[in-house]
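Working through the structure, step by step
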Amino acid sequence: MNALSPQVTNLVIILGMMQVSKRIPFDDPQVLLGVRILYVTSNLIIFGLYYYISLKIKAKRDLTTLKYVEPAPMGSGEEPKLVTTTIQEYDQSQVSAAYKAQLMGAGMMAFMHLYLKYTNPLLIQSIIPVKGALESNLFKVYILGKPAVGELKRPWKASGGMMGMGQGETKTDKASIEAAERSGRGGAKEE
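In this text the structure is predicted, and so the values were computed from the model without any measurement.

Take the overall build of the protein chain next. Looking only at helices and strands, the protein chain has seven helices and two strands in total. Taken from N to C terminus, the helices and strands of the protein chain fall in the order α-α-β-β-α-α-α-α-α. Counting every position in the protein chain, which comprises 191 residues, the buried fraction comes to 30%. Total accessible area on the protein chain is roughly 12700 Å²; 62% of this is exposed by carbon and sulfur atoms.

Once that is clear, we can look at the packing of aromatic side chains. The final tally for this structure, using the stated rule, is five aromatic pairs. Measuring from centroid to centroid gives 5.8 Å for Tyr-68 and Tyr-90, while their planes differ by 80°, and the two rings are edge-to-face. In this pair, Tyr-68 is assigned in strand S1 (residues 65-70) and Tyr-90 in helix H3 (residues 87-115), connecting sequence segments 22 residues apart. Both residues of the pair, Tyr-68 and Tyr-90, count as buried. Taken together, the aromatic side chains of Phe-47, Tyr-50 and Tyr-99 make up a single cluster linked through ring pairs.

Secondary-structure assignment places Ser-42 in helix H2 (residues 29-60). In this structure the side chain of Ser-42 is engaged in a polar contact, spanning 2.8 Å, whose partner is the backbone oxygen of Tyr-39. Discounting chain neighbours no more than four positions away, the residues touching Ser-42 are Gln-125, Ser-126 and Val-130.

Moving on: unusual backbone geometry. The amide bond that connects Arg-154 to the next residue, Pro-155, takes the cis arrangement and shows omega of -5°. Inspection of the secondary structure assignment puts Pro-155 in the loop between helix H6 (137-142) and helix H7 (174-183). For Arg-61, which is not glycine, the phi torsion reads 50° and is therefore positive. Mapped onto the elements, Arg-61 comes out in the loop between H2 and S1.

Thresholds applied
Residues numbered from 1 in each chain as written. Predicted model: local features only at pLDDT ≥ 70, side-chain atom pairs only at ≥ 80, totals over all residues. Heavy atoms only, no water. Helix = DSSP H or I, 4+ residues; strand = E, 2+ residues; numbered from the N terminus. Buried < 20%, exposed > 50% of the residue type's maximum accessible area, 1.4 Å probe, protein only. Areas by Shrake-Rupley, 256 points an atom, 1.4 Å probe, with all protein chains shown as cover. Phe/Tyr/Trp six-rings, centres within 6.5 Å; stacked < 30°, edge-to-face > 60°. Polar contact = N/O pair within 3.5 Å; in protein donor to acceptor, adjacent residues only side chain to side chain. Contact = heavy atoms within 4.5 Å.

Quick look at the structure:
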């Protein structure tokens, strides 16, 4: 039996936590402090997890060459670009992107909580990002030790973003890579 998709479980968690947060007395300074501590702790757990994964990437030192054709940003009119990298560099870039996404989320949450005085999202944002980190491909490969085959084969599919509208599909087939090499789009590997 298939498990529910991460988007569906996120929606269920959000709806459930919205109902729970209605019953929490955020007016009480002790309760508010507890929720703030929960939020900060969840972010520290996520950053610690990404740091540990980063250490495992460096320790593994997988210098296998990885080639793929990165799609052009939507509406830019640019050509797709050939990317030649190593698995270590690719995974490290994925960790960096995860760090940036987490920092953006924490920054937005700080703005919403400190400036706009919203408290309910603190509770939801204490759970959803931890769940996302535990469902990430990096976690599956480096912590759970799953082999990088099938859905975990690099390059990983980018999340669809808002409403499933991504920038396009990353291509790894030989014909796409050779066509990008012939056209001279990218392909320079940094040493």
